[in-house]
Amino acid sequence: MPASFNQAIIDEFRANEGKVGGPFEGGDLLLLTTTGAKSGARHTVPLGFVRDGDLLLIVGSAGGAPRHPAWYHNVLAHPQVRVEIGTETLELIAVPAEGARRDQLFERVVAVAPGYADYQSGTTRILPVVVLEPSGAEAAEGPAEIGNLADKLVQVHGWLRAQLRHIQTETDAHFAARAADGGSGEPPAPGIGLQIRQHCLAFCQFLTFHHTSEDAHAFPALANHHPHLREAIDRLGEEHRTLARIKDALLALLADITTADPERFRAELARLSAELVAHLDYEEEELLPVLSEIPWPPGPPVPEPAGDGAS
């Protein structure tokens, strides 16, 4: 659809609490915001969706065009997406379904929205079915209410720890299925190789963002205001660089998870997990007492006290 047409729908959606008229009136519509695979820019598109329990299903139909839509390439590069439904905004992870699971989910979509079957019959490419999953932040360990920067840090760390456990569980299931498959070359049921890739990629990208933000902003400010923490902050910064190297090695293995060496992949994942958990523990031990004194979210800037009138 032309960008101007999409923008008109987006504007109407946001102005009317998720309701739109015209050809989409009464249909299930969401706004999907992705990060450009090449540009890194944010892009929003309106898409129809089908609910599957707690999950949301979207299809890369592009109206039956011969190529996948741009948003699909974006979610393969950047799995973390923002979804608007009605007045609700969600941070989710986009995971394309594989093999038999993709076919099952496509049948569910067609049962609700038969037009997708027409799109599939009009093209030789397999229309991707993308599952929009919760990021896991809701189930992560951490404080129920965020009142200071220490609480916020614990919340972020809880998400990282939860994602590591989730990836480890998926990895074990994937390699067990590969072993049972006997090396036929087909993705093993339930076809979770791409699922692991997307979750690992989302985790690694979030970790990079978190550490980059700390190195660029939080750590220098803390070191300036609390000189006694400088040694700990320097150590944390060096650990960030070590973790980045391990993360890059893991991402290289994800280039084709279906043929990755199980022992090497598990060893890299175990090494990353152990170093990351130790890093998070040390960071909390050293910084939480100071961070607990800083309100979150930050309040308005405190005005400078009035001078005595001298210039």
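Residues numbered from 1 in each chain as written. Predicted model: local features only at pLDDT ≥ 70, side-chain atom pairs only at ≥ 80, totals over all residues. Heavy atoms only, no water.

**Some remarks on the overall build of the chain**
For the chain, the helix and strand inventory stands at eight helices and seven strands. With 311 residues in all, the chain has 41% of them scored as buried. Long-range contacts, defined as pairs at least 24 residues apart, comprise 68% of the intrachain contacts of the chain with a sequence gap of at least 6. Approximately 16400 Å² of the chain is accessible, and the part contributed by carbon and sulfur atoms is 55%. (Helix = DSSP H or I, 4+ residues; strand = E, 2+ residues; numbered from the N terminus. Buried < 20%, exposed > 50% of the residue type's maximum accessible area, 1.4 Å probe, protein only. Contact = heavy atoms within 4.5 Å. Areas by Shrake-Rupley, 256 points an atom, 1.4 Å probe, with all protein chains shown as cover.)

**Regarding the environment of Arg235**
Along the chain, Arg235 falls in helix α7 (residues 230–253). Owing to a relative accessible area of 42%, Arg235 belongs among the partly exposed residues under this scheme. Arg235 sits 44 residues away from His279 along the chain, and the two C-alpha atoms are 9.6 Å apart.

**Side note on unusual backbone geometry**
A positive phi angle is found at Glu17, which is not glycine, with a value near 55°. Take Glu17: it is sitting in the loop between α1 (3–15) and β1 (29–35). Positive phi is not limited to glycine here, since Ala62 has a value of about 50°.

**Focus on the environment of Leu55**
As for its position among the elements, Leu55 is in strand β4 (residues 55–59). Given a relative accessible area of 19%, Leu55 falls into the buried group. Taking the C-alpha atoms as reference points, Leu55 and Glu133, 78 residues apart in sequence, are found 5.8 Å from one another.

**Some thoughts on the sheet that holds β4**
Spatial ordering of the open sheet is given by β2-β1-β5-β6-β7-β4-β3, a layout of seven strands whose pairing is antiparallel. Sheet topology places β2 (42–48) and β3 (50–52) at the edges, where each strand pairs with a single neighbour. Strand-to-strand twist of the sheet, defined as the mean angle between neighbouring strand axes without regard to direction, takes the value 35°. Both β1 and β2 contribute to a ladder of seven bridges, which runs antiparallel. Within β2, the residue paired with Leu31 across the bridge is Pro46. The sheet contacts of helix α2 (residues 70–77) involve β1, β2, β4, β5 (80–85), β6 (88–96) and β7 (129–134), and relative to β1 the element is tilted by about 55°. (Pairing = 2+ DSSP bridges. Axes fitted to C-alpha atoms, helices over the stretch in contact; angles between N-to-C directions.)

**Quick word on the side chain of Thr123**
Mapped onto the elements of the fold, Thr123 is located in the loop between α4 (115–121) and β7. At 3.4 Å, the side chain of Thr123 forms a polar contact with the backbone nitrogen of Arg125. What Thr123 contacts, discounting residues up to four positions off in sequence, is Gly64, Ala65 and Pro66. (Polar contact = N/O pair within 3.5 Å; in protein donor to acceptor, adjacent residues only side chain to side chain.)

**What about the packing of α7 against helix α8 (residues 262–291)?**
Contact geometry of α7 with α8 gives a least axis separation of 10 Å together with a crossing angle of 160°. Here α7 is positioned roughly antiparallel relative to α8, judged by the angle of their axes. Judged by the sense of rotation from one axis to the other, the crossing of α7 with α8 is left-handed. Grouping the constituent residues of the contact of α7 with α8 by class yields 14 nonpolar, three polar and nine charged. (Parallel < 35°, antiparallel > 145°, perpendicular 65-115°, else oblique. Left-handed = near helix turned anticlockwise from the far one by under 90°. Nonpolar A, V, L, I, M, F, W, Y, C, P; charged D, E, K, R; others polar.)

**Quick notes on α8**
In a regular helix each residue adds 1.5 Å, so 30 residues correspond to 44 Å; α8 covers 40 Å between its end C-alpha atoms and thus fits that length. At Glu285, α8 is deflected by roughly 35°, the largest bend along its length, and proline Pro289 occurs up to four residues later in sequence. (Expected span 1.5 Å × (residues − 1). Bend = angle between axes of the 7 residues up to and from the residue.)

**Side note on the packing of aromatic side chains**
For the structure shown, the criterion picks out four aromatic pairs. With a centroid separation of 6.3 Å and an interplanar angle of 85°, the aromatic rings of Trp71 and Tyr72 are classed as edge-to-face. Per residue, the accessibility class of Trp71 equals that of Tyr72, and both read buried. Their ring planes at 55° and their centres at 4.6 Å tell us that Trp159 and Phe206 sit as a pair that is tilted. Taken together, the positions of Trp159 in helix α5 (residues 149–181) and Phe206 in helix α6 (residues 193–225) put the pair 47 residues apart, joining distant regions of the chain. Trp159 sits in the buried class, given a relative accessible area of 5%. Arg102 extends its terminal NZ or CZ atom over the ring of Phe106, reaching a point 4.4 Å from the ring centre. (Phe/Tyr/Trp six-rings, centres within 6.5 Å; stacked < 30°, edge-to-face > 60°. Lys NZ or Arg CZ within 6 Å of the ring centre and 35° of its normal.)

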